[in-house]
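Below are the chains, spelled out letter by letter.
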Amino acid sequence: MNADGLDEAEVRERIAAARCLAVLTGAGVSAESGVPTFRDAQTGLWARFRPEELATPEAFRARPAFVWDWYLHRRRSLADVKSNAAHEALADWARRHPGRMTLITQNVDGLHQRAGSTGVLALHGDLMRDQWLEPPRDCCDDGELDAGPPPRCPHCGNLRRPAVVWFGEMLPVDALEAAQRAAQRCQVMLVVGTSGAVHPAAGLAITARRSGAFVVVVNPDQTELDAVADLCLRGSAATLLPRLLSD
Ligand code: BV8
């Protein structure tokens, strides 16, 4: 067996022995479903912008229709997308081992939930849902909207926006606190398909390592969390996760 085989065997043994397994995923876990990652080049009208320039409250307030259309484009591209073997391996393991996995995702594509994962800690929100831009008044009713784009309250003009966490916005407190608890308590953390560039999500791997967990990066490329990991398994999520989580 080559070194990688030994590494995978060690990770499988540690997962089998772990009372608590935490998994932190990023856009790479959806790559094999055909969903472009955040680092992939944007397409079409938005090609000349980096996501960090579009996924902000300032960008939305400055160009609401342009940013709204970017989200509509991303929603439509998700309509026919299927979860892949990585999402399914995670959902299947959690079903076989109730209460032992905490799945934390930075993704907003809903593919973990589509694969059957429950209790997913979605740190960056949900691309398929909307919310009010300003705190809603009595007149704001999402059943009665002017079309826009973006859709708005016909009475006070409050805009609808995607229910995602933009850069510069706080993460949902309950999800983040639950993720931090899982990072502190787990014996093993798998860090799958993330460049580790976005905080505070990426910091969860540091918390896990500092709390004594065995941290494993699963990624075909180098990441900003490689130095935090005990082991880096170079490969794709849809190939490696079914092997690491088969028991
Ligand atoms: C906040 C929703 C504070 C929107 C997203 C330090 C501490 C705290 C904050 C900061 C900090 N430093 C900087 C910040 C600010 C900022 C930040 O992190 N900026 C970065 C760019 C430096 N963070 C924030 O603004 C956060 N908020 O800190 O608030 C605060 C406090 C008080 C009061 C007010 C505010 C909010 C961050 C959330 C941003 N929203 N998404 C939308 O989607 O439109 S983040 C976005 O990036 C996506 O969710 C994405 O998932 C995420 C991270 O990217 P990755 O998932 O890692 O994806 P990426 O493309 O980078 O990498 C893909 C990886 O997959 C690669 O490594 C690739 O090799 C790999 N891969 C490819 N194929 C495969 C694969 N892996 C496996 N298998 C494959 N087949």
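The numbers attached to residues start from 1 for each chain and follow its sequence in the written order. It should be noted that, the model being predicted, local features are given only for residues of pLDDT at least 70 and side-chain atom pairs only at 80 or more, the latter also being counted only at that level, while totals for whole chains, interfaces and linings use all residues. Derived side-chain values reflect all non-hydrogen atoms in the structure, with water molecules and hydrogen atoms excluded from consideration.

Engineer: Which residues make up the sheet that holds strand 1 (residues 21–25), and what are the values?
Structural biologist: Strands were regarded as paired on the criterion that DSSP finds at least two bridges between them. A helix here means a DSSP run of H or I that spans at least four residues, while a strand means a run of E at least two residues long, and both kinds are numbered starting from the N terminus. Pairing is parallel across the open sheet formed by six strands, whose spatial order is 3-2-1-6-7-8. In this open sheet, the two strands that pair with only one neighbour each are strand 3 (121–122) and strand 8 (231–233). In the sheet, strand 2 (residues 101–105) pairs with strand 3 via two bridges, with the strands oriented parallel. Residue pairing across strands places T105 opposite A122, the latter belonging to strand 3.

Engineer: Could you give me a rundown of the packing of helix 5 (residues 85–96) against helix 9 (residues 237–244), with the residues and numbers involved?
Structural biologist: Interaxial angles span 0 to 180 degrees and are taken between N-to-C directions of axes, which are lines fitted to C-alpha atoms, for helices over the stretch in contact. One can describe the packing of helix 5 onto helix 9 by two numbers: an axis separation of 7 Å at closest approach and a directional angle of 20°. With respect to helix 9, the element helix 5 is oriented roughly parallel. When the axes of helix 5 and helix 9 are compared, the crossing they make is left-handed. Each of A85, A86, A89 and L90 in helix 5 lies in contact with helix 9, whose residues at this interface are A237, A238, L241 and P242. Under the scheme applied, nonpolar residues are Ala, Val, Leu, Ile, Met, Phe, Trp, Tyr, Cys and Pro; charged residues are Asp, Glu, Lys and Arg; polar residues are all the others, including Gly. In terms of residue class, the contact of helix 5 with helix 9 is built from eight nonpolar, no polar and no charged. Angles are sorted into four bins: roughly parallel if under 35 degrees, roughly antiparallel if over 145, roughly perpendicular if 65 to 115, and oblique for all others. Put simply, a crossing is left-handed when the front helix is turned counterclockwise from the back one by less than a right angle, and right-handed when it is turned clockwise. Note on contacts: a residue pair is in contact if any heavy atoms of the two residues lie within 4.5 Å.

Engineer: Just give me the short version of the site of the ligand, but keep the residues and values in it.
Structural biologist: Proximity is defined per residue: if any heavy atom of the residue lies within 4 Å of a molecule or strand, that residue is considered near it. Among the 36 residues in the neighbourhood of the ligand, the closest are listed as R39, Y71, G168, T194 and S195. Here a polar contact means two N or O atoms within 3.5 Å. Within protein one must be a hydrogen donor candidate and the other an acceptor candidate, and residues neighboring in sequence count only if both atoms are side-chain atoms. At 3.4 Å from an oxygen atom of the ligand is found a side-chain nitrogen or oxygen belonging to T37. G193 has a polar backbone atom sitting 3.3 Å from an oxygen atom of the ligand. Computed on the free molecule, the ligand has an accessible area of 1500 Å², of which 75% lies beneath the protein chains in the complex. For the shell around the ligand, the residue count by class is 17 nonpolar, 13 polar and six charged. Only the protein chains shown count as cover for residues, and the accessible areas themselves come from Shrake-Rupley with a 1.4 Å probe.

Engineer: Describe in detail the pattern of salt bridges, supporting the description with residues and values.
Structural biologist: Put simply, a salt bridge is a Lys or Arg side-chain nitrogen that is within 4 Å of an Asp or Glu carboxyl oxygen. Evaluated as defined, the whole model comprises twelve salt bridges. For D126, the salt bridge identified is with R129, shortest N-O distance 3.5 Å. For E169, the salt bridge is made with R161, and the minimal N-O distance between the two is 2.7 Å.

Engineer: Break down helix 8 (residues 203–210) for me, with residues and values.
Structural biologist: Only protein chains enter the accessibility calculation, which uses a 1.4 Å probe; a residue whose area is less than 20% of its type maximum is buried, one above 50% is exposed, and one in between is partly exposed. Looking at helix 8, one finds that the buried residues are G203, L204, A205 and A208. Next to the buried residues of helix 8 lie strand 1, strand 2, helix 7 (173–185), strand 6 (188–192) and strand 7 (214–218). Downstream of helix 8 by one or two residues, G212 has phi in the positive range, about 95°.

Engineer: Go over the state of the cysteines with me, naming the residues and quoting the values.
Structural biologist: When the sulfur atoms of two cysteines share a covalent bond, that bond is a disulfide. The disulfide criterion is simple: two cysteine sulfur atoms within 2.5 Å. Going through the model one piece at a time under the given rule, you end up with zero disulfides. As a non-bridged cysteine, C20 has C186 as the owner of its nearest cysteine sulfur, 7.6 Å distant. In this structure C140 is a free cysteine whose sulfur lies 3.5 Å from that of C156, the closest cysteine sulfur available.

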